[in-house]
Amino acid sequence: MTEGTDEGAETVVADDAGRATADTSGQAVVIAFGQTMKTLRVRAGLEREDFGRRIGYSASTVASYEQGRRIPSPRTIERADEVLDAGGLLTVWKEQVERAQYPVFFQGMATLEKGALELLMYDTHVVNGLLQTEEYMRALLAMRHPLDQETIEQRVTARLARQDIFDRRPAPLLSFVMDEAVLRHRYGGKDVLRGQLGHLLLIGDKRNVEIQVMPVDCEDNAGVNGPFTVLTYKDSKRFVYSEAHATSTLETDSEQTVLAAARYGIIRSQALTPRESLKLIEGLLGSL
């Protein structure tokens, strides 16, 4: 679940009957929110500069919000609603606007991730988005042309917000398995990788987290078909999310989700144990 693999990809959601439906962009939501905020600001008799000062932003940032070019945080929306005495006309948009901050192909997954009891994640190309440091995120996003700086900042903010999952109570069970090659790519340079490896060691110490590495010399790997994530809810309902070039898929068919969970169990048994994996990460960090 890397989040951000393919800029502009389409989300294909397969329902229980196997029918595929395409997700739509949240851009219309962002534009509508911006127009609503502008209408309320004008009604309140505030210039952009004055309004911006009251919510802690410049007039140019307010313009970006109103024109749908930048997505405000939930806290900013709450403050704007308060300053404009909007009576909830802005805060009612919070959930939709928050969803829109993610790439189109990841919006459904971002929503599901928040309520999962257990997440099982296998990654083969980059460190999972939930485990990435800010510097590692920026290095990856900078390589995705033609992302503009404003979009990069938006993506970094959104990805960091997802990491609140580690502080959620009750804590979800989080299992990560990643190919050893993921830990050797020096995206962003040696210092970025050093910080990322150190971060993995810290997260790996959490009681609800298991990090395992699939060694490069492993002769058997049930994950050769690529990365995927299995999400489980309290009612035992499961979802399987995967990304490929230009598309992402959210699978809900019960037979497929059971098979994916079983496949993940095999992958986990083939990988190094959590203790062995952290020792490997320590060794890689020490060699930098």
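What comes next concerns the included structure. All of these numbers come straight from a predicted model, not from anything done at the bench.

Some remarks on the overall build of the protein
For the protein, the count of helices and strands is 11 helices and eight strands. For the protein, the C-alpha radius of gyration of 21 Å lies close to 19 Å, the compact-globule estimate for 288 residues. Expressed along its principal axes, the backbone C-alpha trace of the protein runs to roughly 70 × 50 × 35 Å. Within the span of the protein, comprising 288 residues, buried residues form 47% of the whole. Sequence separation of at least 24 residues holds for 72% of the intrachain contacts in the protein that already meet a minimum separation of 6. Positive and negative side-chain charges of the protein, numbering 34 and 42 respectively, have mean locations separated by a distance of 5 Å.

Description of the environment of Val-224
Relative to the assigned elements, Val-224 resides in the loop between β5 (209–214) and β6 (228–232). Spatially, the C-alpha atom of Val-224 lies 9.0 Å from that of Thr-124, the residues being 100 residues apart in sequence.

Brief notes about the packing of aromatic side chains
For the structure on display, the rule yields six aromatic pairs. Between Tyr-136 and Tyr-187 the ring centres are 6.4 Å apart and the planes differ by 65°, which places this aromatic pair in the edge-to-face class. Here the residue Tyr-136 occupies a position in helix α7 (residues 134–142), and Tyr-187 occupies one in the loop between β4 (173–179) and α9 (190–203), the gap between them amounting to 51 residues. Taking the centre distance of 5.7 Å and the plane angle of 70° together, the rings of Tyr-233 and Phe-239 count as edge-to-face. When sorted by exposure, Tyr-233 lands in the same class as Phe-239, which is buried. Over the ring of Phe-239 we find Lys-237, and its NZ or CZ is 5.9 Å from the ring centre. It is Arg-263 that lies over the ring of Phe-228; its NZ or CZ is 4.8 Å from the centre.

Some points on the environment of Glu-49
If you trace the backbone, Glu-49 turns up in helix α2 (residues 48–55). Take Glu-49: its relative accessible area is 55%, and that puts it in the exposed class. When the C-alpha atoms of Glu-49 and Val-62 are compared, they prove to be 8.0 Å apart, with 13 residues separating the residues in sequence.

What about α7?
Those residues of α7 that sit buried are Tyr-136, Met-137, Ala-139, Leu-140 and Leu-141. For α7, the elements touching its buried residues are α8 (149–162) and α9.

A closer look at the pairing of β6
With five of five residues buried, β6 is to be regarded as a mostly interior element. Residues Phe-228, Val-230 and Thr-232 of β6 are buried on one face, and the alternating residues Thr-229 and Leu-231, pointing to the opposite face, are buried as well. The sheet contact formed by strand β3 (residues 118–123) and β6 spans five bridges and is antiparallel. Residue pairing across strands places Leu-120 opposite Val-230, the latter belonging to β6. As paired elements, β6 and strand β7 (residues 238–244) share four bridges and run antiparallel to each other. Across the sheet, residue Val-230 finds its bridge partner in β7, namely Val-240. The hairpin turn running from β6 into β7, its antiparallel successor, is five residues long, and Ser-236 in that turn takes a positive phi close to 70°.

Some thoughts on the layout of surface pockets
Space inside the largest pocket adds up to approximately 570 Å³. In terms of lining, the largest pocket is formed by 26 residues, of which the most central are Pro-74, Gln-101, Tyr-102, Thr-157 and Ala-161. For the lining of the largest pocket, the secondary structure elements donating two or more residues are α4 (74–83), α5 (94–100), α6 (107–115) and α8. With six residues, α8 is the largest single contributor of residues to the lining of the largest pocket. Looking at the lining of the largest pocket residue by residue, the class counts come to 11 nonpolar, five polar and 10 charged.

Side note on the nonpolar core
Leu-131, Phe-166, Phe-176, Leu-200, Ile-211 and Ile-281 are the most contacted members of the largest nonpolar core, which has 40 residues in total. For this core, the secondary structure elements donating two or more residues are α6, β3, α7, β4, α9, β5, β7 and α11 (274–287). If one sorts the elements of this core by residue count, α9 sits on top with six residues. Setting aside its immediate chain neighbours within four residues, Phe-166 contacts Leu-130, Leu-131, Leu-174, Phe-176, Ile-203, Lys-206 and Val-209. Residues Leu-40, Val-83, Leu-90 and Trp-93 belong to the second largest nonpolar core, which totals 20 residues.

So, how was this worked out
Residues numbered from 1 in each chain as written. Predicted model: local features only at pLDDT ≥ 70, side-chain atom pairs only at ≥ 80, totals over all residues. Heavy atoms only, no water. Helix = DSSP H or I, 4+ residues; strand = E, 2+ residues; numbered from the N terminus. Rg over C-alpha atoms; globule rule 2.2 N^0.38 Å. Buried < 20%, exposed > 50% of the residue type's maximum accessible area, 1.4 Å probe, protein only. Contact = heavy atoms within 4.5 Å. Lys, Arg positive; Asp, Glu negative; His and termini not counted. Charge placed at Lys NZ, Arg CZ, Asp CG, Glu CD. Phe/Tyr/Trp six-rings, centres within 6.5 Å; stacked < 30°, edge-to-face > 60°. Lys NZ or Arg CZ within 6 Å of the ring centre and 35° of its normal. Pairing = 2+ DSSP bridges. 1 Å grid on protein atoms, 1.4 Å probe; cavity = no way out; pocket = protein on both sides within 12 Å on 5 of 7 lines; lining within 4 Å. Points joined across faces, edges and corners; volume = space filled by probe spheres on them. Nonpolar A, V, L, I, M, F, W, Y, C, P; charged D, E, K, R; others polar. Core = buried A, V, L, I, M, F, W, Y, C linked by side-chain atoms within 4.5 Å.

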